[in-house]
Amino acid sequence: MTTKTLIARSTWDWDLARDDLRNRATTASAGPIRVQAEPLLRRTASGALLQSVRVRAGRALTQAFVRSASGAEIPARVAAAPDGLRLLVGEVAAPETITVELPEVATGERIELVLAPVRHWDVHLVHHSHLDIGYTDPQGRVLAEHLSYLDSALDLIRETDDWPDDARFRWSVESLWSFEQWCANRPAAAVADMIDRVRQGRIELTAMPFNLHTETCSTDELHELLRIARDIRRRHGVDIRAAMQTDVPGAVGGLVDVLAENGVRYLSVAHNWAGRSVPHLTGGQDVPRLFWWRAPSGERVLVWSTDTPHGLAYMEGSVLGFDVSYDMVDDLLPAYLTALATRPYPYDGRAFGFPVPDAPLHRPPYPWDILHLRVQGRFGDNAPPRRIMAETVRRWNSEWAYPRLRLSHNEDFFTEAERRYSERLPSFTGSWNDWWADGIGSAARPLQLVRRAQAAVADAQTVSTIAGLRGAPGAATDTADARGVYLNASLFDEHTWGAADPWTHGDDHTHSGEEQWHWKYHTALAAHDDAERLLTRAVARLAGTLDGGAALYVVNPAAHARTGVVTAFVPESRIPIETPLSVADPRTGKSLPVEETPQLNPTHREAGRFLHIAVDDVPPLGVLRLDLVDAGPPTAAAPPPAGSVLENDELRVEVDLATAAIHSIIDKRTGAELVDPSGTFGFNAYVYDHYATAGGINHQSSKTEATANLALLGSRGTARPAALVDAGRTAVRQWLTYESVAPGADWVRTTLTLRPGTGVLEIENRIAKPATMAKESAFFAFPFAFPDPVLRIDATATVNGTDLPYVPGGAAHMQAVRHWIGLHADGFGAAWVTVDAPLVQLGAIAVPYAPFPVSTPSHEPGTIYSWVHNNLWDTNFPSRQAFEMTFRYRVTASPSDSPDTTSAFAARVAADATNPLAAVPAPASAPTGPIAAAGPAVTLSDDRVRLAGLTTPAPGQVLVRLRSVASAPVDCTITPGFPAGAAWTATYLGESRSALEIHDAKVTATVPAFGTTAVLLTFPTTEE
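Residues numbered from 1 in each chain as written. Predicted model: local features only at pLDDT ≥ 70, side-chain atom pairs only at ≥ 80, totals over all residues. Heavy atoms only, no water.

**Comments concerning the overall build of the chain**
Thinking step 1. From N to C terminus, the chain includes 15 helices and 55 strands.
Thinking step 2. In terms of overall size, the chain behaves like a compact globule, its C-alpha atoms giving a radius of gyration of 32 Å where 1024 residues would be expected to give roughly 31 Å.
Thinking step 3. Looking at the 1024 residues of the chain, the share that counts as buried comes to 62%.
Thinking step 4. When contacts within the chain are restricted to residue pairs at least 6 apart in sequence, those whose partners lie at least 24 apart make up 75%.
Thinking step 5. Approximately 35600 Å² of the chain is accessible, and the part contributed by carbon and sulfur atoms is 51%.
Thinking step 6. Averaging the coordinates of the 90 positive side-chain charges in the chain and doing the same for the 118 negative ones gives two points 3 Å apart. (Helix = DSSP H or I, 4+ residues; strand = E, 2+ residues; numbered from the N terminus. Rg over C-alpha atoms; globule rule 2.2 N^0.38 Å. Buried < 20%, exposed > 50% of the residue type's maximum accessible area, 1.4 Å probe, protein only. Contact = heavy atoms within 4.5 Å. Areas by Shrake-Rupley, 256 points an atom, 1.4 Å probe, with all protein chains shown as cover. Lys, Arg positive; Asp, Glu negative; His and termini not counted. Charge placed at Lys NZ, Arg CZ, Asp CG, Glu CD.)

**Description of the pairing of strand β52 (residues 983-986)**
In the case of a regular strand, side chains alternate between the two sheet surfaces.
Thinking step 1. Direction of pairing for β52 relative to strand β53 (residues 992-996): antiparallel, over a ladder of three bridges. Residue W984 lies in a different strand from β53, and its bridge partner there is A995.
Thinking step 2. Here β52 folds back onto β53, and the loop between the two strands holds five residues, one of which, G990, carries a positive phi near 95 degrees.
Thinking step 3. Summarising the sheet, β52 and strand β55 (residues 1012-1018) pair through four bridges and their orientation is antiparallel. If you follow W984 over to β55, its bridge partner there is L1016. (Pairing = 2+ DSSP bridges.)

**Side note on the nonpolar core**
Thinking step 1. Core analysis: the biggest nonpolar cluster contains 109 residues, and F179, L226, L290, W293, F322 and Y336 have the highest contact counts within it.
Thinking step 2. Once you skip the residues sitting within four places of it in the chain, F179 turns out to touch L150, V173, M194, I195, L205 and I232.
Thinking step 3. The next biggest cluster of nonpolar side chains, apart from the first, holds 90 residues, and it includes W435, V687, A706 and F1019. (Core = buried A, V, L, I, M, F, W, Y, C linked by side-chain atoms within 4.5 Å.)

**Let's talk about the packing of helix α13 (residues 475-493) against helix α14 (residues 513-543)**
Thinking step 1. At a closest axis distance of 8 Å, the pairing of α13 and α14 adopts a crossing angle of 160 degrees. In terms of their interaxial angle, α13 and α14 are classed as roughly antiparallel. Note on packing geometry: the crossing formed by α13 with α14 is left-handed.
Thinking step 2. In terms of residue class, the contact of α13 with α14 is built from 14 nonpolar, three polar and six charged. (Axes fitted to C-alpha atoms, helices over the stretch in contact; angles between N-to-C directions. Parallel < 35°, antiparallel > 145°, perpendicular 65-115°, else oblique. Left-handed = near helix turned anticlockwise from the far one by under 90°. Nonpolar A, V, L, I, M, F, W, Y, C, P; charged D, E, K, R; others polar.)

**A closer look at the pattern of salt bridges**
Thinking step 1. What the rule picks out here adds up to 74 salt bridges.
Thinking step 2. As a salt-bridge pair, R56 and D83 come within 2.9 Å of each other at their nearest N and O atoms. Within this pair, whereas R56 is found in strand β3 (residues 49-56), its partner D83 is found in the loop between β6 (77-81) and β7 (84-90), the two being separated by 27 residues in sequence.
Thinking step 3. A relative accessible area of 5% places R56 in the buried class.
Thinking step 4. For E595, the salt bridge goes to R733, with nearest N and O atoms at 2.8 Å. With E595 in strand β24 (residues 594-598) and R733 in the loop between β33 (723-729) and β34 (734-742), this residue pair connects regions lying 138 residues apart in the sequence.
Thinking step 5. Three or more residues are tied together by salt bridges with common partners; here these are D122, D165, D166, R168, R170, D369, R404, R406, D412, E416, R419 and R420. (Salt bridge = Lys/Arg side-chain N within 4 Å of Asp/Glu carboxyl O.)

**Thoughts on the packing of aromatic side chains**
Thinking step 1. Summed over the entire model, instances satisfying the criterion amount to 34 aromatic pairs.
Thinking step 2. Ring centres of F779 and W867 lie 5.5 Å apart, and the angle between their planes is 20 degrees; this geometry places the pair in the stacked category. With F779 in strand β37 (residues 776-783) and W867 in strand β44 (residues 863-870), this pair connects stretches of sequence that are 88 residues apart. Here F779 matches W867 in class, with each residue buried.
Thinking step 3. Put simply, the rings of F683, Y686, F780, F782, F784, F786, F828, W832 and Y889 pair up and form one aromatic cluster.
Thinking step 4. Lying across the ring of W400, R42 places its NZ or CZ 4.2 Å from the centre. (Phe/Tyr/Trp six-rings, centres within 6.5 Å; stacked < 30°, edge-to-face > 60°. Lys NZ or Arg CZ within 6 Å of the ring centre and 35° of its normal.)

**Digging into the sheet that holds strand β31 (residues 685-691)**
Thinking step 1. Strand order in this open sheet of six strands is β32-β31-β37-β44-β43-β40, and the pairing throughout is antiparallel. Every interior strand has two partners, whereas the edge strands, β32 (713-718) and β40 (815-816), have only one.

**Quick look at the side chain of N382**
Thinking step 1. One can find N382 in the loop between β17 (370-375) and α10 (388-399).
Thinking step 2. Since its relative accessible area comes to 9%, N382 is described here as buried.
Thinking step 3. Among the polar contacts listed, one links the side chain of N382 to the side chain of H146, at a separation of 2.9 Å. (Polar contact = N/O pair within 3.5 Å; in protein donor to acceptor, adjacent residues only side chain to side chain.)

**Considering the sheet that holds β17**
Pairing between the strands of a sheet comes from backbone hydrogen bonds, and it takes one of two forms, parallel or antiparallel.
Thinking step 1. Taken in spatial order, the three strands of this open sheet run β17-β10-β18, and their pairing is parallel. Both edges of this open sheet fall to β17 and β18 (404-408), since each of them pairs with a single strand only. Here the strands of the sheet are splayed against their neighbours by 25 degrees on average, with no regard to which way each runs.
Thinking step 2. Judged from the six bridges that link them, strand β10 (residues 122-127) and β17 form a sheet pairing that is parallel. Note that in β17 the partner of L125 across the bridge is L373.

**A look at unusual backbone geometry**
Thinking step 1. The omega angle of the peptide bond from Y402 to P403 is -5 degrees, so this bond is cis rather than trans.
Thinking step 2. With respect to the secondary-structure elements, P403 resides in the loop between α10 and β18.
Thinking step 3. With an omega of 5 degrees, the peptide bond running from A850 to P851 counts as cis.
Thinking step 4. Along the polypeptide, P851 turns up in the loop between β43 (839-842) and β44.
Thinking step 5. Positioned with a positive phi, D1000 is a non-glycine residue whose angle comes to about 55 degrees.
Thinking step 6. Structurally, the position occupied by D1000 is in the loop between β53 and β54 (1003-1007).

**Things to note about the side chain of D689**
Thinking step 1. Summarising the element assignment, D689 is placed in strand β31.
Thinking step 2. A distance of 2.6 Å separates polar atoms of two side chains, one belonging to D689 and the other to R716.
Thinking step 3. Setting aside residues no more than four positions away along its own chain, D689 makes contact with L713, S715, R716, K775, E776, S777, F779 and I845.

**Regarding the packing of helix α2 (residues 139-159) against helix α4 (residues 188-200)**
Thinking step 1. Taken N-terminus to C-terminus, the directions of α2 and α4 make an angle of 60 degrees; their axes are 11 Å apart at the nearest point. Relative to α4, the element α2 lies oblique. The two elements α2 and α4 meet at a crossing, and its hand is left-handed. Listed contacts from α4 to L150, L154, I157 and R158 of α2 are D193, M194 and R197.

**Quick look at the pairing of β7**
Thinking step 1. Here β7 lies mainly inside the structure; six of its seven residues are buried.
Thinking step 2. Pairing of β3 with β7, which is carried by seven bridges, proceeds in the antiparallel orientation. Bridge pairing links Q51 to V89 in β7.
Thinking step 3. Inspection of the sheet shows β6 paired to β7 by five bridges, in the antiparallel sense. Residue pairing across strands places V78 opposite L87, the latter belonging to β7.
Thinking step 4. A loop of two residues connects β6 with β7, the two strands running antiparallel in sequence.

**Quick word on the environment of R424**
Thinking step 1. The residue R424 is located in the loop between α11 (410-421) and β19 (427-429) in this model.
Thinking step 2. With 133 residues separating them along the chain, R424 and F291 place their C-alpha atoms 9.1 Å apart.

**Regarding a negative patch on the surface**
Thinking step 1. The grouping of D507, D508, E514 and E515 at the surface amounts to a negative patch.
Thinking step 2. Structurally, the position occupied by D507 is in the loop between α13 and α14. (Patch = residues over 30% accessible without salt bridge, like charges linked within 9 Å, V, L, I, M, F, W, Y side chains within 5 Å.)

**Some thoughts on the environment of S582**
Thinking step 1. When you line up the elements, S582 lands in strand β22 (residues 581-585).
Thinking step 2. According to the relative accessible area criterion, S582 is buried, its value standing at 16%.
Thinking step 3. Each C-alpha atom, one on S582 and one on D547, is 19 Å from the other, the two residues being 35 residues apart in sequence.
Thinking step 4. Ignoring anything within four residues of it in the chain, the contact list for S582 reads S591, D627, L628, V629, D630 and A631.

**Overview of the confidence of the model for the chain**
Thinking step 1. Here the chain averages 93 in pLDDT, while 96% of its residues score no lower than 70.
Thinking step 2. Here residues 1-11 scores under 50 on pLDDT; set against residues more than four positions off or in separate chains, the count is 23 contacts. (pLDDT = per-residue confidence, 0-100.)

**Here's the deal with the environment of L156**
Thinking step 1. Checked against the element boundaries, L156 lands in helix α2.
Thinking step 2. Distance in space between the C-alpha atoms of L156 and R386 is 8.1 Å, their sequence separation being 230 residues.
Thinking step 3. When residues no more than four places from it in sequence are discounted, the contact partners of L156 are F169, P385, R386 and R387.

The following block contains the structure:
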């Protein structure tokens, strides 16, 4: 059954917002006449200030008298206004009661009001264009327009060079990538002119390349976003101290460290709640427009956050008419300032056509007399620069002393705000959970490709650096080429995931949904394919440094010794397929457990076979040689697991086929049961929700309000009883595979795997899903037997947690994680790892419409719901998706003395899943040598410090990128496996900061709490 949605208002009514401002600004009234005491001051020739009182009568008036409380007439000037008149009286220093007499009105109105002192406002108008790469037009058209905007900005700057300073045209480049593209496609003389204008303060460059979902970035990718800003600073000597993040309502806490490390002190945020957000229900009213955002490291940035109850914050200038006319600004700006200074929010949230659940908006009015106000050339995204901004400022300042308007930019505003109020501003720490994060579940397959690219590009740089330490040239080239992977990954993570109407098939404007999605999907494919090629190239470079013969090498890209399974492809060109093989570890001379599988698609892929080899103690950031030898007669196959139980020395796993879920996981080392038997759903149970809302309606999900009776939850289903379809046991693993029919899918197939000696359960859930416009979500439930655990959550460049602070006002019902969650309670810790699906809901499932009521029977703190896909959005994200793909998880447990220890344990398990051991074939022509192992390239002294990767910024350099999962600073000792000549603390991008001493061939660096740092080492090389 299809149910039509209930929509609060089918279109936005900006006039309603403007009328709301006028009504809020009314000080007194009589019948149809309204009087407003305006925050406007005009200076007389003698220097005195006159205060404005506006009378709105619906027609022009020419005469009025003002009297004091005693009845004495107060001198007043009368100025014309189209709907009444404006009275100018002497500025008051304290509240004063006055009476306005209107003799031209038939009833001879006498209106009493209180005239209060007004602020001497300084309003910084920041003129920019919000960059949606797509949405309003195909991406190529959008980017071409933004380059043209920079041409127009230069024209307008030249035209206003001789205007008063405040009115001279200024332009803020919201997204630095468009500026970089402009410089690459304009003559050198034009670029020189542009840079001169930047130095003059007429063009502002801000630090972020574009607006994006920061939680989808890897830690190193988030840092790489600032590379364009760094390169511009180096090339042109231009400091970039401010950043802008527009539209996306939230960001990871790690962004603070990344900005601060790159000299960015200020962040201008304009959150678009889009109706899908209720920040006032999660403490958002406690966050003022101006505040300090701190990282656990102690770094901080000064934030301006333009907000209304339901966003569209970067459109505020257009609501006030700055893109329309001076008269509209004259009408609305005073009312806006009055509302801002006297009410929690300047607008009633209903003004924007979104449902606002009843909630008290307890919040102090805006207290300061300096204001940041974004203005755009049109009321819309991707809007052009306009002359009208400068014309309005010039005329306004010729008429009014206050508020003083200035065409400004972010840094000017922040510098003055910091000077005036710095230590009087509140401070908040932690992540600012993104309300739009659910949208990333609308593209499960390309998101999986990007997550693989993020891991592969880091491994490629690490392997290449190891090859460089062994004398192979080219590591610096590989590091430079990695930037293209990061760019494509970031372009996918950029916040525009679909057209305004993503279900459409047109060739232009907002109806080019399919064309825009092709472009977007391509960035994910390009990132993935280029990262894999870069990793293959790095492996080949490393192979050139190794001894030959019938051997292969195992490379460990992690900074801890690894025991696990490495998969190697042995081509038929090296060893005939019919030749039986075994693998020996030359360190011991013993044969290793091996499982052999054929080429997956032998007709169309390389002839050969795969060897899956269980190997122990691969050195950290090192290389281990394994010898391929002729095998004897094949051994008899081991019997498969009995029934629906998997068991080895570490774990016992029991499956309940009736519910297609895991019934029990017992850690045999401790006797602990990991599965909560009373959970709402079984462990790894598939849950499918269908919603009673329609698709194909622009912003439909933003206009739909959920209710406590869960009427919008159309249906909920789980997988039908499963059939056991495969089971087996080899020297390397044992597994069970069961399959079921499930709602929202053609089938769901689960494979559970245990490997000897690891204590880890590997889960693979493969889903065949058809496309549908019906609104849907799918989850896998993981109810852990922890009644009230502390959760530590892997986030980009930081760690979140149920025991850690968040910036108030962020999403509470869901968040995106990188790869792991650690659950800690009573001296025990469990690790849950997700390789492919980042979205989670913790403890319960919410109906995904504001205000997000819980739809499960109770809150279960130990339950993780992995939200694998959805199509909830009706604009900006894909409205349907189809795929056949696998979602991979790992689960394990260990005794633990603290949440920090659990985090370190979970991070290590995740690294084994996301950055696996790599196989390097021995070169065919090189002689066989005696070396069995090489490495480690680097070792770390503290398990709470994780290696993000090694890179080679320049020949003879190794950059060690580090990340801490500890709640306090860690002094970590780094031991290079090569003769390091010098060491420095450095940025993640490789800029050296301060020298570090090398003692006994070791270097100690402090890694901040939940933060990142890097150490730059040098080594001798002959490479040019």
